[in-house]
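# Summary of the model geometry
Residues per chain, in single letters:
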Amino acid sequence: MIGSSAARSRIKVCLISVIMAAFMANFVGLVSRLLTSHSQRSVLSHQSRTSKYKLPYPETPHLVLNEDAIRGRKVLIVGDVHGCLREMEELLQEAKSKFPDQEILPIFVGDLLSKGPFPVETLKKLQKIEHYAVRGNHDEAVLRQALSLKKEELHELPPKYSWVPNLSDDDIGYLRELPYTISITSLSVIIVHAGLVPGIPLTEQELTNMIIMRNLVKSPEGTLSAAELTNEGEAWASFWPGPDHVYFGHDARRKLQKHAHATGLDTGCVYGNQLTGAVVTKDSTELIQVKAKQVYKET
């Protein structure tokens, strides 16, 4: 009887082991399928929002800065630099002089490069200071040329990008990871290069719209669609309902734009006008401007 009882116990143990093994196999398989499904959905989501030049998707397309990232510093949102290094340095110094007892955190609205005199030097300077930036259409265009050159040594660069071979791998990596938007939760602020379509979550905005749009066209049914040219529809910022205030660039022809819930900071420094920055707090916005040293590019 004792032997028989021991045998039955061994059989029970074996059966339980088999059942547990089968359960674990099914559980692991289910988790794997869920993870794969989520990964595929993420990839599909990224692919459905391809950029103008179908560039690699940045690791963080929509960056959120919380209070730990801001650390009590004055936020200075800077308009389109376009390689105007001297004016950028002067603007940063002007902000420090205005607020000598506080640290400044610069955040750039994109179009850091192209058109101006010091594109490579500007990029290297930025990587030496703590800052944030979103990508602009010109940054994407430069990245496209840089990646094409790395892929094919004999890639023929357009004359206006003759300086691109001087970019290092670090420079290209920097451009590649520029997000499309930056949100500052404590200030209720969004930074984007060109614009946003109201009523669409950031994660569903078309990537290309965020770097090229200037206007919105309203259909007879009331639907809003983005337009790059200013002769179609009206300035997109005039439609933006808030509550988050959007700071943007890209639209130098309209110069400084002040709308109820959006501010345009591209004041055409590269065209001989000004480089503009906005010092933003919870309660106020203070503009700082420096004059361009010269006309670098005709409009």
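For the structure given in this document, a descriptive report is provided here. Chains are numbered independently. Their residues run from 1 in the order of the written sequence. Thresholds applied to this predicted model are a pLDDT of at least 70 for local features of residues and 80 or more for the giving and counting of side-chain atom pairs; totals over whole chains, interfaces and linings are not thresholded and use all residues. The side-chain values count all of the structure's non-hydrogen atoms but skip hydrogen atoms and water molecules.

The subject of this paragraph is the side chain of Q145. In this structure, Q145 sits in helix α5 (residues 137-151). In this analysis, two residues are considered to be in contact whenever any of their non-hydrogen atoms come within 4.5 Å of each other. If we ignore the near neighbours within four places in the chain, the residues touching Q145 are H155, L157, P158, Y161 and V164. Numbering of helices and strands runs from the N terminus, with a helix taken as a DSSP run of H or I at least four residues long and a strand as a DSSP run of E at least two residues long.

Attention shifts here to the packing of aromatic side chains. Only rings of Phe, Tyr and Trp enter the pairing, Trp through its six-membered ring, and a pair is recorded when the two centres are within 6.5 Å. The plane angle decides the type: under 30 degrees is stacked, over 60 is edge-to-face, the rest tilted. This structure, assessed with the given rule, holds two aromatic pairs. Measuring from ring centre to ring centre gives 6.2 Å for W236 and W240, while their planes differ by 75°; the resulting arrangement is edge-to-face. We call a residue buried when its accessible area falls under 20% of the maximum for its residue type, exposed when it is over 50%, and partly exposed in between, using a 1.4 Å probe and counting protein chains only. On the basis of relative accessibility, which here comes to 11%, the residue W240 falls in the buried class. Pairwise contacts between aromatic rings join W236, W240 and F248 into one cluster. The criterion is that NZ of a Lys, or CZ of an Arg, lies within 6 Å of the ring centre and within 35 degrees of the ring normal, and then a charge sits over that ring. Just above the ring of Y180 sits the side chain of R135; from NZ or CZ to the centre is 4.8 Å.

Here we come to the nonpolar core. Considering soluble globular proteins, one finds that nonpolar side chains tend to be buried as a cluster. Only buried Ala, Val, Leu, Ile, Met, Phe, Trp, Tyr and Cys residues count toward a nonpolar core, and they belong to the same one when joined by side-chain atoms within 4.5 Å. Counting 41 residues, the largest nonpolar core has L167 and L175 as its most contacted members. Going through the elements one at a time, β2 (74-78), α3 (85-98), β3 (104-108), α4 (119-126), α5, α6 (169-176), β13 (274-280) and β14 (285-291) are the ones with two or more residues in this core. The biggest single contributor to this core is α3, with five residues. Beyond its immediate stretch of four places on either side in the chain, L167 contacts V120, L123, V142, A146, I172 and L175.

Looking now at α4. Three or more residues of α4 are buried, namely P119, V120, T122, L123 and L126. Angularly, the buried residues of α4 cover 160° about the axis, an arc narrow enough to put them on a single face. Where the residues of α4 are buried, they touch α3, β3 and α6. The arc in question is traced by the directions running from the helix axis to the C-beta atoms.

This next bit is on the environment of V192. With respect to the helices and strands, the residue V192 is situated in strand β6 (residues 189-192). The class of V192 is buried, set by a relative accessible area of 0%. Considering only alpha carbons, one finds V192 and H62, 130 residues apart in sequence, at a separation of 9.7 Å. Ignoring any residue separated from it by four or fewer positions in sequence, one finds V192 in contact with V109, V134, Y180, T181, M210, V246, Y247, F248 and G249.

Burial analysis of β3 places five of its five residues in the buried class, the great majority of the element. Every second residue of β3 is oriented toward a common face, with I104, P106 and F108 on one face and L105 and I107 on the other, all of them buried. DSSP-based pairing: two strands are paired if at least 2 bridges between them are found. Two strands pair when backbone bridges link them, and β2 and β3 are joined in this way by five bridges, in the parallel orientation. Paired with L76 across the bridge in β3 is P106. Think of it like this: strands point away, you trace from the first strand over the helix to the second, and a clockwise trace means the crossover is right-handed. For the handedness criterion, the β-α-β arrangement of β2, α3 and β3 is classed as right-handed. Relative to strand β4 (residues 132-133), β3 runs parallel, the two sharing two bridges.

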